[in-house]
Structure formats: structure tokens, C-alpha cells
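Here is what each chain is made of, one letter per residue.
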Amino acid sequence: MPKKYQAYTLHNLKSMPQIQHLPEAVQFDLQVVGQVYPFRTNNYVVEELIDWDDALNDPIFTLTFPNKEILIPAHYEQMASVIRKNASQEDIEAVANQIRLQLNPHPAGQMEYNIPHLEGNSLKGMQHKYRETVLFFPSQGQTCHAYCSFCFRWPQFVGISDLKLASREVDALIQYVSEHPEVSDILLTGGDPLIMKTKILATYIDALLEANLPHLKTIRIGTKALSYWPYRFTSDADAEDLLTLFAKVATKNKHLAFMAHFNHPRELKTEAVREAIKRIRETGAQIRTQSPLLAHINDQPEIWAEMWKTQTELGCIPYYMFITRDTGAQHYFGVPLIRAWEIFKKAYQNVTGLARTVRGPSMSTTPGKLQILGVGKIKDEKVFVMPFLQARNPEWVMQPFFAKYDEKATWLDELEPFADDSFFFEKEMGSWQEEDDEF
Ligand SMILES: *Cc1c(COP(=O)(O)O)cnc(C)c1O
Ligand code: SF4
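Thresholds applied
Residues numbered from 1 in each chain as written. Chains lettered and ligands numbered in written order. Predicted model: local features only at pLDDT ≥ 70, side-chain atom pairs only at ≥ 80, totals over all residues. Heavy atoms only, no water. Helix = DSSP H or I, 4+ residues; strand = E, 2+ residues; numbered from the N terminus. Expected span 1.5 Å × (residues − 1). Contact = heavy atoms within 4.5 Å. Buried < 20%, exposed > 50% of the residue type's maximum accessible area, 1.4 Å probe, protein only. Lys, Arg positive; Asp, Glu negative; His and termini not counted. Salt bridge = Lys/Arg side-chain N within 4 Å of Asp/Glu carboxyl O. Phe/Tyr/Trp six-rings, centres within 6.5 Å; stacked < 30°, edge-to-face > 60°. Lys NZ or Arg CZ within 6 Å of the ring centre and 35° of its normal. Near = heavy atom within 4 Å. Nonpolar A, V, L, I, M, F, W, Y, C, P; charged D, E, K, R; others polar. Core = buried A, V, L, I, M, F, W, Y, C linked by side-chain atoms within 4.5 Å. Pairing = 2+ DSSP bridges. Axes fitted to C-alpha atoms, helices over the stretch in contact; angles between N-to-C directions. Disulfide = S-S within 2.5 Å. Parallel < 35°, antiparallel > 145°, perpendicular 65-115°, else oblique.

Chemist: How should I be thinking about helix α1 (residues 24–36) in this particular structure?
Modeler: It helps to recall that an α-helix has 3.6 residues per turn; residues three or four apart then point in one direction. Along its 13 residues, α1 runs 19 Å from first to last C-alpha, staying within 8% of the 18 Å computed at 1.5 Å per residue. Check the buried side of α1 and you find it contacts α4 (73–84) and α5 (89–100).

What follows is the structure, encoded as C-alpha cells:
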């Protein structure tokens, strides 16, 4: 059954029939939190993914409806009091911006490392951190079919980001890649590039295919459209054209790697998503899946095992489990590293080898993607064993090193080196700072 897209934001939330399932207080909280973090959902998420009989404990509800605890109490009170006073939208916005600036929206130094340069000019809307892969942020692909309450890209959606990640410059991308024979992959990311109409997406993909770059092997698309709007691939007006575009990539002997974000097995159950997966696979594209590990949404090994099993059954390849980042609402969604490893291990132990293509739990840090391989013992002392899965310096990859065991740590900056004054990569990087990244 086709579905006509209906977005819900704070402005038209009252018109959403399911809203009456929510207590008044929860609706008020949503108005408060939704002023600070962007809120947007749609009729597929609301009608087909959320169980409204138990909405407040529902993982998909938590995923798209930001709740009170996402703000720290002081910020919540600050915003709630202006709303109670019926302040003007202008005043509300001013308070929202004040709060947002305290939420680590773009950690210091993040842009310095990764922005590529062409003839001395920095290329906004691109990142090149790992040798083989360039990220490209098409300017029309910087929103999403719904917003995830955990998303670290939220500053882009509320317009306070000065990252200016978005780019229209496909020509600059092509020139850059043509001068970098080490690049085999281009990853179109956002936001969600599949928010773009097929016609617009095609201008980017056709340009890449026509550029005749023999070393470019793979076009990746990072997207959550399968989970938030599968009709994009089945019954939307330009769904057929989109599938034709995917198929064209294969006819040009390039691989289309569809990097799908799924946070919960529920997202794999509807008829619409199953039909969409089938159609995408028929084009020759390969679907790989990834998700962060999120408290209140998927922090149980059974959930991950089920998710990886179902994905494998549907012909998708489990790819990454990420550790949630230290921005925005990490206090709410964050999971200690030790717990992340335990969840990963238990889930991994319970799936077929075909699903053990997944890697993680992985932390996207400034030096690279760090895997928590596990806890070991050196003499009598427990240590974290961590290799890089990806690194700024390719020589660092798959070389395990140790950090002191720490039950509470949720991110690299809380870890201390074992039997050394610094981690080996710190010597090379100088004083590194956290930065924005692709998960
Ligand atoms: C994760 C990531 C990639 C892709 O890494 P793969 O391991 O090849 O999937 C590329 N660039 C950045 C900046 C990333 O964070
Ligand atoms: S960028 Fe990805 S994680 Fe962020 S809101 Fe959009 S779909 Fe969700």
C-alpha cells in the first residue's frame, strides 16, 4: 500500500491522531525539549513503528520523540519557564540558542583535521580522514525523514552549525578524487542524502559515473530512509527512477554500497521495509547496516542478536556497532565502554558466522575508529585491549594497545594509557581534540 508522506513537527503535532495517547505532561515536555533539539517525525514512523499502547517505553518512540531527560534539569527548567510564561517565539529561540551552545555542538578543532584542500582552498562539504574514503555532504541532503533524538548532527538541523558541511560542488569532489588515486570510496552522507529527489541525487551520481575515475570503485550512500521512509523505494513517485539509478551504478562496474542505519529490530519488520530491501537488492546494490548502541533503545544483547539475525536473513550485511558520541544527550543515551563490550560479545556469540561481519563496539575518535576488543589481564591488572579499525595513519590499524580498565568510562578521553604516559598515537598527533565524524 502506498503512503503519502506526512511530516510532523512541533507546529502540527496536535493534528497527529496518536497524540492523545500521550499524557499532557509528556506533550509539554516535548514542546520544551523540541525547542532545543530538532523534532520531526512522520506518519510511517508513527503509524507502523511505534506501539502507542506503551509509547513511553517504546524504543522507536524514544528514538524520535525527545523526552524530558534528554535535557539536563537546569536546561529543562530554563526552557520550561519561558514556555510557561507564553514568551514570544523570538525569546524562546534566544533561550534555545543559549542552551544549545552549552551542549558541545561542535567540539573544538573538529574542522581542522579532515577538510580536504584543492589548490590551496579548503573544500567545504567534504571530509577526507581515512585514506580510501572521502565523505561528501550534498547540500540538498542535509535533513532527514525523521530526526533521531540521539543524533550528533543536530546542530546542522537547527541552523547553528558553522560547519558548513553541505556542498553543491560535485565538480570539486571529482577533481579532488581524480588527484587522489588512493581514494576508492566516496560516501554520500548527511543528514540523509535520500531525502533528495531522485533527479537531484542523479546529478551527483551521474557526474561521478561520467567522470571516468578508474580508481573510484564504490559509491556509498549513508541513509536512514529504509527505516524512516521505506516508501522512498517502493511507491513514492520517483521510487522507480531511484532504483534505476542504483542499477546504473552496477552497469558502470562500480559498487553501490547502501549503508543503512537501523537502531532496532522493529525497524525491519514492516511489509514496506521488507519490500524496499528486496527492491534495492535487485538493483545489485549491497545493503550494509550500522547503528550506535543507545541506552533506552537498544542496550540489550538480545536486541542486537535479533537485529543482526534478521538483517542477515534479509540479505543485509551487519557492518558496525558504534559507541554513542560525547555530544548532545550522551548523559541519556551513553553506555559505559565495558557494558558496550559485554553487549557486543553476548550478541556476537549468539549469531551465525554470516552475521559476524559486524565490527565493534567502535568509537569514532579524532585519531580513528577504535574498537573495544575486550578486557584482558596483564599480570593481575585488568586492561582494555583496543585496536584501531580505521585510523588517520593507516599504520595504526589492527595494532592492539592497552588502556587501564575503567568501569565508568564512556569515551576515549576518560581512558588512561596502561604502563605509559600517553597513548602511542598522542605522540604523533600532538594535542588532539574531539571532532565531528561519520559515526
Ligand atoms: C567511518 C568513517 C569512514 C568509513 O570507514 P569504513 O571503515 O571504511 O566504513 C570514512 N570517513 C570517516 C570520517 C568515518 O568516520
Ligand atoms: S543524520 Fe542520521 S542519526 Fe541524525 S537524525 Fe538524521 S537519520 Fe537520524
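Chemist: Looking at this structure, I do not really get the side chain of D192. What am I missing?
Modeler: Mapped onto the elements, D192 comes out in the loop between β7 (185–188) and α9 (198–210). In this structure D192 is buried but unpaired, with R232 as the nearest side chain of opposite charge at 7.6 Å. Those residues in contact with D192 that sit more than four places away from it in its chain are G141, T143, C144, H145, G222, T223, K224 and A225.

Chemist: What exactly am I supposed to notice about the environment of A272 here?
Modeler: For A272, the location among the structural elements is in helix α12 (residues 271–282). Residues within four places of A272 in sequence aside, it is in contact with Y44, P230, Y231 and T234.

Chemist: Can you walk me through the packing of aromatic side chains in this structure?
Modeler: For any pair of aromatic rings, the description rests on two quantities: the centre-to-centre distance and the angle between the ring planes. Taken as a whole, this structure holds 31 aromatic pairs when the rule is applied. Ring geometry for W396 and F424: centres 5.8 Å apart, planes at 85°, overall edge-to-face. Placement of the pair is W396 in the loop between β16 (388–391) and β17 (401–404) and F424 in helix α16 (residues 424–429), with a sequence separation of 28 residues. On the accessibility criterion, W396 (4% relative accessible area) is buried. Through pairs of rings, three or more aromatic residues link up here, namely F388, W396, F401, F423, F424 and F425. Against the face of Y319 rests R359, its NZ or CZ located 4.9 Å from the ring centre. Across from the ring centre of Y405, 4.3 Å away, lies the NZ or CZ of K382, which sits over that ring.

Chemist: Could you clarify how one ought to interpret the site of ligand 2 in this entry?
Modeler: Near ligand 2, the surroundings consist of C144, Y147, C148, F150, C151, F157, G191 and K224. Here the shell around ligand 2 is built from residues that sort into 6 nonpolar, 1 polar and 1 charged.

Chemist: Help me understand the pattern of salt bridges, please; the structure alone is not making it clear to me.
Modeler: Here the idea is simple: oppositely charged side chains can pair when their charged atoms come close. Inspection of every chain in the model, using the stated rule, returns 15 salt bridges. Put simply, R220 and D185 hold a salt bridge, and the shortest N to O gap is 3.0 Å. Highlighted residues: R220 in strand β8 (residues 218–223) and D185 in strand β7, separated in sequence by 35 residues. The residues R220 and D185 share a single accessibility class, namely buried. A salt bridge links K404 to E416; the nearest nitrogen and oxygen atoms lie 3.3 Å apart.

Chemist: What is the right way to look at the nonpolar core in this model?
Modeler: Across soluble globular proteins, nonpolar side chains show a tendency to be buried alongside one another. Judged by nonpolar contacts, the single largest core of 138 residues is most densely connected at F65, M79, L226, F233, F246 and F258. Leave out the neighbours within four places in its chain, and F65 touches L13, M16, L30, F39, T41, V46, I50 and W52. Listed in part, the 9 residues of the second largest apolar core include L135, F137, L187 and A257.

Chemist: Can you help me understand helix α15 (residues 337–349) in this one?
Modeler: For α15, spanning 13 residues, the distance from its first C-alpha to its last is 18 Å, which sits close to the expected 18 Å at 1.5 Å a residue. Of the residues making up α15, those classed as buried are L337, I338, A340, W341, I343, F344 and A347. At its buried positions, α15 is contacted by β10 (286–293), α13 (301–313), β11 (317–323), β12 (359–364), β14 (374–378) and β15 (381–386).

Chemist: Teacher, can you tell me more about the sheet that holds β10 here?
Modeler: In any sheet, the strands associate via hydrogen bonds between backbone groups, in a parallel or an antiparallel arrangement. Taken together, the 10 strands give an open sheet; going across it, the order is β5-β6-β7-β8-β9-β10-β11-β12-β13-β16, and neighbouring strands pair in mixed fashion. Two strands lie at the open edges of the sheet, namely β5 (126–130) and β16, each paired on one side alone. Taken over all neighbouring pairs, the strand axes of this sheet differ in orientation by 25° on average, direction set aside. Against the sheet, helix α11 (residues 239–251) touches β8 and β9 (255–261), its axis set at about 135° to β9. Against the sheet, α15 contacts β10, β11 and β12, and its axis sits at roughly 155° relative to β12.

Chemist: For this particular structure, what's the right way to read the side chain of H264?
Modeler: Locating H264 in the fold gives a position in the loop between β9 and α12. Residue class for H264 comes out buried when judged on its relative accessible area of 11%. Leave out the neighbours within four places in its chain, and H264 touches P59, I60, I297, I303 and M307.

Chemist: Got a minute to help me understand the state of the cysteines in this structure?
Modeler: Disulfides are covalent bonds that connect the sulfur atoms of two cysteines. Applying the stated criterion to the full structure yields 0 disulfides. The closest cysteine sulfur to the non-disulfide-bonded C316 is located on C148, 18 Å from its own sulfur.

Chemist: How should the packing of α9 against α11 be read in this particular structure?
Modeler: Helices that pack against each other are described as a pair by the angle of their axes relative to one another and the distance between those axes. One way to put it is that α9 packs onto α11 with a least axis distance of 10 Å and a crossing angle of 10°. Looking at the two axes, α9 sits roughly parallel to α11. On α11, the residues touching T198, L201, A202, I205, D206 and L209 of α9 are D241, L242, L245, K248 and V249.

Chemist: Could you clarify how one ought to interpret the sheet that holds β17 in this entry?
Modeler: As summarised here, the arrangement of the 3 strands in space is β14-β15-β17, forming an open sheet in which the pairing is antiparallel. At either end of the open sheet lies a strand with only one pairing partner, and these are β14 and β17. For this sheet, the mean angle separating the axes of adjacent strands, direction not counted, is 45°. Summarising the sheet, β14 and β15 pair through 5 bridges and their orientation is antiparallel. Among the inter-strand pairings, G374 is bridged to a residue of β15, identified as V385.

Chemist: Would you mind showing me how to read the pairing of β17 here?
Modeler: Consecutive side chains of a regular strand alternate in pointing toward one face of the sheet and then the other. Across the two faces of β17 the burial differs, with F401 and A403 buried and F402 and K404 not buried at all. By the bridge criterion, 4 bridges tie β15 to β17 in an arrangement that is antiparallel. Pairing of V383 across the sheet is with K404, part of β17.

Chemist: Would you take a moment to explain the packing of α4 against α5 for this structure?
Modeler: Relative orientation of the contacting elements α4 and α5 amounts to 175°, with a least axis distance of 10 Å. Between α4 and α5, the angle is such that the two are roughly antiparallel. Between α4 and α5, the contacting residues are H75, Q78, M79, V82 and I83 on the first element and I92, V95, A96, Q98 and I99 on the second. Residues of the contact of α4 with α5, tallied by class, amount to 7 nonpolar, 3 polar and no charged.

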